[in-house]
Amino acid sequence: MDFAFTDEQEELRRTVRALFADTSGEAEVRRLMETDAGFDAAAWKQLAELGLLGLAIPEEHGGAGYGLLEVGVVLEEAGRALLCAPYFSSVVLATTTLLLAGDTGHLPALADGTLTATLALTEDPVRWDAEGIRATATPSGDGWVLDGEKTFVLDGHTAGLLIVAARTAGGVSLFTTAGDAPGLTRTRVDTLDPTRRLATVRLSSVPATLLGVDGDGWAVIEQVLDVAATALAAEQVGGAAKVLEMAVDYAKVREQFGRPIGSFQAIKHMCADMLLEVESARSAAYYALWAAATRSDELPVVASIAKAYCSDAFYHCAAKNIQVHGGIGFTWEHPAHLYLKRAKADQLLFGDPAWHLDQLADRAGI
């Protein structure tokens, strides 16, 4: 196997990094943090025009015909830039679910950016297993109606299409419904990380369409969660690499006692520890991306390894970045706290490290 990125993938990385430097700088991130939607429609259209929204969608359905490796490249750069956009919810969660469930009708609109979508999975209390699904779906005429409440839905307040996990007589199933369907109420939730939007979605006899086969929903969701954990690990690597750069750059120019603080042993050791975690996280995330892209049987195991390690690596590096910066790193005006908040929130998303370690033990038969 070859773990080196191709010239084409590296060119994609350079293009996306330059794009995010222009469209997702610190000032723009702070502006979007204060908006209700949490993203800029013009910038979203630009992502669509560059083909970034349809990277994993087959060409016959309006996409670019690539896969999760290319999506991972974009996500790594998105993590560096703290991208404020429904990229993860639409390109990773929704697209993956639709492809695995065999529904291609919505893919062209997702690829061209005219439709955003998300997966409404978790409820209160948040669980990442089938027992956590208590929302119900009941047959009604030629369709179904949904009842229940979904929590912490990524971009759930703006998505044009919601993919909802609900329980039927046959078991956990998946359904699609419009974001403005009658009986559906969605409320944006203020969370620790202001750069990623979450919402609560309430369902009261909401008309919906069955996605895939009744009762087979959890088998699809398990695969989606492995892909989501892998994709988030790639994004976390980007964030960790960025805060490492911030710490090293500051250590070179900040002087105390007449010399740069980077010459002090304590700072050297801190930056060296950060580098070790970043490179180890990168290896774990890249291997998981390869496993997902090639549909390897290893994916369930390596996805949990990547998510557990990259979650802690990003958080540790974000915290150490603030320590290197000292007093200025604790201020609202400095971006270091934005990365720390994203890192902490990402630890919990799709299962915290402890949960994934338990999953890893179960999957490895320990």
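Please read these numbers as outputs of a predicted model, since none were measured by experiment. (Residues numbered from 1 in each chain as written. Predicted model: local features only at pLDDT ≥ 70, side-chain atom pairs only at ≥ 80, totals over all residues. Heavy atoms only, no water.)

Visitor: I keep staring at the overall build of the protein and nothing clicks. Help me out?
Guide: Tallying secondary structure elements over the protein gives 11 helices and nine strands in all. Taken over C-alpha atoms, the radius of gyration comes to 21 Å for the protein, in line with the 21 Å a tight globule of 366 residues would show. Judged by the C-alpha coordinates and their principal axes, the protein covers about 80 × 45 × 40 Å. The buried share of the protein, taken over its 366 residues, is 54%. Per element, the accessible surface of the protein, about 15400 Å² overall, is 54% carbon and sulfur. A gap of 8 Å separates the mean positions of the 29 positive and 49 negative side-chain charges of the protein. (Helix = DSSP H or I, 4+ residues; strand = E, 2+ residues; numbered from the N terminus. Rg over C-alpha atoms; globule rule 2.2 N^0.38 Å. Buried < 20%, exposed > 50% of the residue type's maximum accessible area, 1.4 Å probe, protein only. Areas by Shrake-Rupley, 256 points an atom, 1.4 Å probe, with all protein chains shown as cover. Lys, Arg positive; Asp, Glu negative; His and termini not counted. Charge placed at Lys NZ, Arg CZ, Asp CG, Glu CD.)

Visitor: Please explain the pattern of salt bridges as it appears in this structure.
Guide: Any two side chains of opposite charge can pair if their charged atoms end up close together. Under the defined criterion, the tally for this structure stands at 23 salt bridges. For the salt bridge of Arg30 with Glu26, the shortest nitrogen-to-oxygen distance reads 2.9 Å. With Arg30 and Glu26 both in helix H2 (residues 26-33) and four residues apart, this pair spans about one turn of that helix. Looking at Glu26, the relative accessible area reads 36%, which means it is partly exposed. We note a salt bridge from Asp129 to Arg127, for which the minimum N-O separation is 2.8 Å. (Salt bridge = Lys/Arg side-chain N within 4 Å of Asp/Glu carboxyl O.)

Visitor: What is the right way to look at the confidence of the model for the protein in this model?
Guide: Detailed reading of the predicted coordinates is not advisable wherever pLDDT falls low. Mean pLDDT for the protein: 94, with 99% of residues reaching 70 or above. When pLDDT is averaged over each element of the protein, strand S1 (residues 117-120) comes out on top at 98 and strand S8 (residues 255-256) at the bottom at 78. (pLDDT = per-residue confidence, 0-100.)

Visitor: Teacher, can you tell me more about the layout of surface pockets here?
Guide: The method is simple in principle: a probe with the dimensions of a water molecule rolls over the atoms, and the space it marks as empty is what remains. When its volume is computed, the largest pocket comes out at roughly 650 Å³. In terms of lining residues, the largest pocket is bounded by 25 residues, among which Thr96, Leu100, Val227, Ala292 and Arg295 are the most central. For the lining of the largest pocket, the secondary structure elements donating two or more residues are helix H4 (68-81), helix H5 (87-101), helix H7 (217-253), helix H8 (265-293) and helix H9 (299-325). Sorting elements by how many residues they give to the lining of the largest pocket places H5 first, with five residues. In this structure, the second largest pocket occupies an estimated 350 Å³ of space. In this structure, the second largest pocket is lined by 13 residues; those nearest its centre are Phe152, Leu198, Ala345, Leu348 and Leu349. No other element matches the three residues that helix H10 (residues 336-348) contributes to the lining of the second largest pocket. Here the residues of the lining of the second largest pocket sort into eight nonpolar, two polar and three charged. (1 Å grid on protein atoms, 1.4 Å probe; cavity = no way out; pocket = protein on both sides within 12 Å on 5 of 7 lines; lining within 4 Å. Points joined across faces, edges and corners; volume = space filled by probe spheres on them. Nonpolar A, V, L, I, M, F, W, Y, C, P; charged D, E, K, R; others polar.)

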